[in-house]
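# Geometric and topological summary
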Amino acid sequence: MGPLLALAAGLLFGAGLALGGMTDPAVVLGFLDVAGAWNPTLAFVMGGALAVTFVGYRLVFRRAGPLLAGQFTLPTARAIDARLLGGAALFGAGWGLAGYCPGPAIASLPAAHAGTAAFVLAMLAGLALARR
Amino acid sequence: MFPTLWLQALFGGALIGGAAVLLMLGLGRIAGISGIVGGLLPPAVPDWRWRLCFIAGLLAGPAVVGLVLGRDPVGMPAAGLPVLVAAGLLVGLGTGLGSGCTSGHGVCGLARLSPRSIAATGVFMLAGGAMVFVVRHLVG
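For clarity, every value in this text was computed on a predicted model and none was experimentally measured.

## Here's the deal with helix H3 (residues 48-69) of chain B
Residue and element names in this part refer to chain B.
- Here H3 spans 33 Å end to end across 22 residues, near enough to the 32 Å set by a 1.5 Å rise per residue.
- Along H3, the helix axis deviates most sharply at Ala60, where the bend reaches about 30°; the proline Pro62 sits within four residues downstream.
- Those residues of H3 not exposed but buried are Trp50, Arg51, Cys53, Phe54, Ile55, Gly57, Leu58, Gly61, Pro62 and Val65.

Rendered as C-alpha cells:
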C-alpha cells in the first residue's frame with residue numbers, strides 16, 4: 001500500500017505542477033521578474049498549495065501517527081544558520097538562472113529536452129555533493 | 001491574465017497541497033522533492049521504495065494534464081546548456097545544504113509555520129528575483 005500511495009501522491013503533485021504552469025520555465029521566470037512583465041501565476045499555485053496543506057496538515061496531525069508508517073518523520077533542526085541561508089541563496093540563484101526548481105525539472109524530463117536532462121543531472125551531482 | 005487561468009493555477013496548487021497532505025497522512029513524510037530525491041543518492045537510505053514510486057508518479061503527472069488540457073504543459077528550457085548545468089549544480093547544492101526547496105520549505109515548511117522554512121523561503125525568493133533582475137535587466 002505504501003508504494004501505491006507514494007505513486008498517487010507523486011502523480012497528484014506532478015499534475016498540480018503542470019496544471020499550475022510550473023513545468024514552463026517562462027512562467028516561473030515571469031514571476032521572479034518583478035521589474036519586468038510580472039506573471040503572478042506562481043503566487044496562485046503556491047497560495048493554493050499552502051491553503052490546502054495548512055488545513056490538511058492540522059487535520060492529519062490530530063492523529064497519533066500516519067496510516068501506513070510508524071510515526072510522522074518531521075525535520076528536527078531548529079537553527080537558522082549559515083548553512084540554511086547560504087543553501088537557500090545558492091538555490092535561489094540557480095532557480096533564477098533556469099526557472100527550474102527540483103520538482104518541475106524532474107516532472108519535465110519525459111518531454112526529452114536535452115537542457116532539462118542536463119539540469120537534472122547537474123542537480124543530482126550538486127545534491128550528492130551536499131550530502132557528503 | 002484571465003480569471004480562469006488564475007483558477008487553473010489555484011487548482012493546480014490545491015493538487016500539490018493534496019499530494020503533500022496525502023503523503024503525510026499515509027507515510028508521515030514531508031513532500032519535499034529535493035529531500036525525496038536526495039535520499040536516493042549515496043549514502044543510501046533503506047526506504048528507497050516509496051521515494052522511487054513518488055518520483056514515478058511525478059514524471060507521469062504532466063502527461064495526464066496534457067491529455068486533459070489538450071496541449072503539452074511542459075515548456076522549453078529557458079537557457080543554454082552551460083547555464084542550465086551551472087543552474088542545476090546551484091539548485092542541487094543549495095537545496096542539499098539548505099535542506100529543502102520550493103516544496104519542502106515553500107509549501108510543507110510554511111504550512112507547518114517552521115521558522116527555518118520561513119527564513120529559507122524568503123531567501124530563495126529574494127535570490128531568485130535578484131538573479132532574474134541581473135540576467136534580464138542588468139546583463140540582458
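Okay, back to it.
## Some points on the packing of helix H2 (residues 25-32) of chain A against helix H3 (residues 41-60) of chain A
All names here are of chain A.
- Viewed as axis vectors pointing N to C, H2 and H3 meet at an angle of 95°, and their least axial separation amounts to 7 Å. Viewed along their axes, H2 and H3 adopt a mutual orientation that is roughly perpendicular. Mapping the contact onto sequence places Val27, Val28 and Phe31 in H2 and Thr41, Leu42 and Ala43 in H3.
- Along the lines of polarity and charge, the residues of the contact of H2 with H3 split into 5 nonpolar, 1 polar and no charged.

## A word on the confidence of the model for chain B
- When the pLDDT values of chain B are averaged, the result is 95; 98% of them are 70 or greater.
- The complex prediction reports pTM at 0.97, with the ipTM value standing at 0.97.

## Side note on the environment of Gly115 of chain A
- As for its position among the elements, Gly115 of chain A is in helix H6 (residues 114-131).
- Overall, the presence of 22 C-beta atoms within 10 Å leaves Gly115 of chain A in the buried class.
- Once the C-alpha coordinates of Gly115 of chain A and Ala82 of chain A are considered, the two residues, 33 residues apart in sequence, prove to be 31 Å apart.
- The residues touching Gly115 of chain A, leaving out its near neighbours within four places in the chain, are Pro77, Leu81 and Leu84 of chain B.

Cut-off values and rules
Residues numbered from 1 in each chain as written. Chains lettered and ligands numbered in written order. Predicted model: local features only at pLDDT ≥ 70, side-chain atom pairs only at ≥ 80, totals over all residues. Helix = DSSP H or I, 4+ residues; strand = E, 2+ residues; numbered from the N terminus. Expected span 1.5 Å × (residues − 1). Bend = angle between axes of the 7 residues up to and from the residue. Buried ≥ 20, exposed ≤ 12 C-beta atoms within 10 Å, placed from the backbone. Axes fitted to C-alpha atoms, helices over the stretch in contact; angles between N-to-C directions. Parallel < 35°, antiparallel > 145°, perpendicular 65-115°, else oblique. Contact = placed C-beta atoms within 7 Å. Nonpolar A, V, L, I, M, F, W, Y, C, P; charged D, E, K, R; others polar. pLDDT = per-residue confidence, 0-100.

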